[in-house]
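# Summary of structural features
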Amino acid sequence: MSIKKIALVKGDGSGPEMMEQAVRIAQEAARLDKIELEFIETPMGWNAYDKFGDTLPPESFKKAKEIGTIFFGGVGDFQHDSTIGVDKPEMRPEARALLALRKELGLLLNFRPIIYYKSLASLANVKPETIPAEGIKQIWVRFLLEDSYFGNADLKDMIPNEIREKIGVKLKSEVTGREKIVADIAYYKRATIEKYIRAAFAYARKEKLPLISIDKANVMARYDFWRKIVSEVGRNEFPDVPLTHQLVDSASALLFTPAKLHGVIACGNEHGDILSDGAASAMGSMGLMCSSAINPETGAAMFESGAGTAPTLAGQDKANPLGRILTGALMLRHIGAEKGALAIENAVNKVLNEGYRTGDIFTKSDDPAKLLGTMGMGEKVIERL
Ligand code: IPM
Ligand code: MG
């Protein structure tokens, strides 16, 4: 047995309940590859604020960065947002913890695989006939840095003060609501796009999938730039990988005919944020979404909840843990525990094929005796590992 350390952020809302299942399943599955996972708690989020007065306790941040592999249960809940978050906007954990980790660790690539199986067509929110017998792979690869998420902070110091005032560039925590104008700066750098798109193309080549690049090149300069670089890298380095370009608005319409988005889908930070929620809901539920964020150079990685923390279900044993459990499989694959990763994916498919459902994916035609809570669903997966 070798030991692999993982920083564990249990998170806010239903995060801890879902993570409890995901952690024990990942631990069990990793043993198939003779790896013992050692989870080290690094609390972040509003739960950490309640205990330590900070949504990103320095000790947690330091440890998580050192370990470099993070299993992240999601942060944020609207109760705290509407109380402490109003007085101390700088403490809101989405920016303070999640975005800080992405930036500090250079997590450029965000994988959100959305897989359709014909046998699970009844789960999907699209017409069954839109799902071919061989299924569909939509491997969303979101560009996770720069863009409007980091623009203001990254470029603030490069813009002279009088211009900043004029165009109202502020950090979110500085906005009072009484300004005349507030602008977000969105930017992409050539070097970062090149690094990102090479990794996306390489993945598409390895998986024998086409690459679909999403942008808004018809009107926005940064997406015209994006399309030019993507085309250039494709032509010069990956001529064997079929490449198409898709405008973001028409891409969102294609979520309803998912086979038209079969491939590796490269998209900007904001576009990927929006479209991946829609893609997960079309396939079944946001509760099924798994997500990993990776630095392609250092290998640092965070296995996140793309789907939020389901705060309205917190403490009720109702949230769907399958997205988190599948995120655990992505984590195992990343650390070389391929048998464990496959075992988790197969076990989840088995449970779903046997008709077990959580509330978010339960419909009138499902068997009420097979409606499970968070713990029950975890139990079914572990039995089938
Ligand atoms: C996601 C989330 C985050 C994002 C939020 C919580 C900042 O929605 O991972 O998709 O926008 O990236
Ligand atoms: Mg999102």
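Each remark here, short or long, concerns the structure printed above.
A brief look at the structure comes next. (Residues numbered from 1 in each chain as written. Chains lettered and ligands numbered in written order. Predicted model: local features only at pLDDT ≥ 70, side-chain atom pairs only at ≥ 80, totals over all residues. Heavy atoms only, no water.)

A few words now on the sheet that holds strand E2 (residues 35-41). The strands that make up a sheet pair up through hydrogen bonds in the backbone, lying either parallel or antiparallel. Taken together, the 10 strands give an open sheet; going across it, the order is E2-E1-E3-E10-E9-E4-E5-E8-E6-E7, and neighbouring strands pair in mixed fashion. Edge positions in the open sheet fall to E2 and strand E7 (243-247), since each of these has one partner strand only. Sheet twist, expressed as the mean angle between neighbouring strand axes with direction ignored, is 25°. As paired strands, strand E6 (residues 211-215) and strand E8 (residues 263-267) are joined by 3 bridges and run parallel to one another. Each residue of the ladder has a partner; that of serine 213, found in E8, is alanine 266. Relative to the sheet, helix H1 (residues 15-30) contacts strand E1 (2-9), E2 and strand E3 (69-72), its axis offset from that of E2 by approximately 150°. (Pairing = 2+ DSSP bridges. Helix = DSSP H or I, 4+ residues; strand = E, 2+ residues; numbered from the N terminus. Axes fitted to C-alpha atoms, helices over the stretch in contact; angles between N-to-C directions. Contact = heavy atoms within 4.5 Å.)

Turning next to the pattern of salt bridges. If you walk through the whole model with that rule in mind, you get 29 salt bridges. The residue lysine 103 makes a salt bridge to aspartate 154 at a minimum N-O spacing of 2.3 Å. Of this pair, lysine 103 sits in helix H6 (residues 93-105) while aspartate 154 sits in helix H7 (residues 147-155), placing them 51 residues apart in sequence. By relative accessible area, which is 40% here, lysine 103 ends up partly exposed. Here arginine 384 and glutamate 383 are joined by a salt bridge, their closest N and O atoms 3.2 Å apart. A relative accessible area of 49% means that glutamate 383 is categorised as partly exposed. (Salt bridge = Lys/Arg side-chain N within 4 Å of Asp/Glu carboxyl O. Buried < 20%, exposed > 50% of the residue type's maximum accessible area, 1.4 Å probe, protein only.)

To find leftover empty space, one rolls a probe the size of a water molecule over the atoms. In this structure, the largest pocket spans a volume of roughly 1300 Å³. Contributing to the lining of the largest pocket are 44 residues, with Glu94, Ala95, Arg96, Leu99 and Lys172 lying nearest its centre. Counting residues per element, the lining of the largest pocket draws most heavily on H6, which supplies 9 residues. Approximately 870 Å³ is the volume found for the second largest pocket. Taken together, 30 residues make up the lining of the second largest pocket; nearest its centre are Pro113, Ile115, Leu330, Arg333 and Glu345. Class assignment for the residues of the lining of the second largest pocket results in 22 nonpolar, 3 polar and 5 charged. Each of two domains, domain 1 (1-107 + 295-385) and domain 2 (108-146 + 188-293), supplies a minimum of three residues to the lining of the second largest pocket. (1 Å grid on protein atoms, 1.4 Å probe; cavity = no way out; pocket = protein on both sides within 12 Å on 5 of 7 lines; lining within 4 Å. Points joined across faces, edges and corners; volume = space filled by probe spheres on them. Nonpolar A, V, L, I, M, F, W, Y, C, P; charged D, E, K, R; others polar. Domains from an automatic or database assignment.)

Okay, the pairing of E8 next. E8 sits mainly inside the fold: 5 of its 5 residues count as buried. Note that strand E5 (residues 136-143) and E8 share 5 bridges and pair parallel. The residue bridging glutamine 138 from the neighbouring strand is glycine 263, located in E8.

Looking now at the packing of helix H9 (residues 190-207) against helix H10 (residues 221-237). Packing of H9 against H10 brings their axes to within 10 Å, and their N-to-C directions diverge by 50°. In terms of orientation, H9 lies oblique with respect to H10. The interaxial crossing formed by H9 with H10 has right-handed handedness. The residues of H10 that touch H9, namely those facing Arg190, Ile193, Glu194, Tyr196, Ile197, Arg198, Phe201 and Arg205, are Phe225, Trp226, Ile229, Val230, Glu232, Val233, Gly234 and Glu237. Grouping the constituent residues of the contact of H9 with H10 by class yields 9 nonpolar, 1 polar and 6 charged. (Parallel < 35°, antiparallel > 145°, perpendicular 65-115°, else oblique. Left-handed = near helix turned anticlockwise from the far one by under 90°.)

Our next topic: the packing of aromatic side chains. Taken as a whole and assessed by the stated rule, the structure comprises 11 aromatic pairs. Judged by centre distance (4.9 Å) and plane angle (10°), the ring pair of phenylalanine 201 and phenylalanine 238 falls under stacked. One end of the pair, phenylalanine 201, is in helix H9; the other, phenylalanine 238, is in the loop between H10 and E7, and 37 residues separate them in sequence. A single burial state applies to phenylalanine 201 and to phenylalanine 238, both of which are buried. Taken together through their ring pairs, the aromatic side chains of Phe143, Tyr188, Tyr196, Tyr223 and Trp226 make up a single cluster. Arginine 142 extends its terminal NZ or CZ atom over the ring of tyrosine 149, reaching a point 5.3 Å from the ring centre. Residue placement shows lysine 370 over the ring face of tyrosine 356; its charged tip is 5.4 Å from the ring centre. (Phe/Tyr/Trp six-rings, centres within 6.5 Å; stacked < 30°, edge-to-face > 60°. Lys NZ or Arg CZ within 6 Å of the ring centre and 35° of its normal.)

Nothing here speaks to function; it is all geometry.
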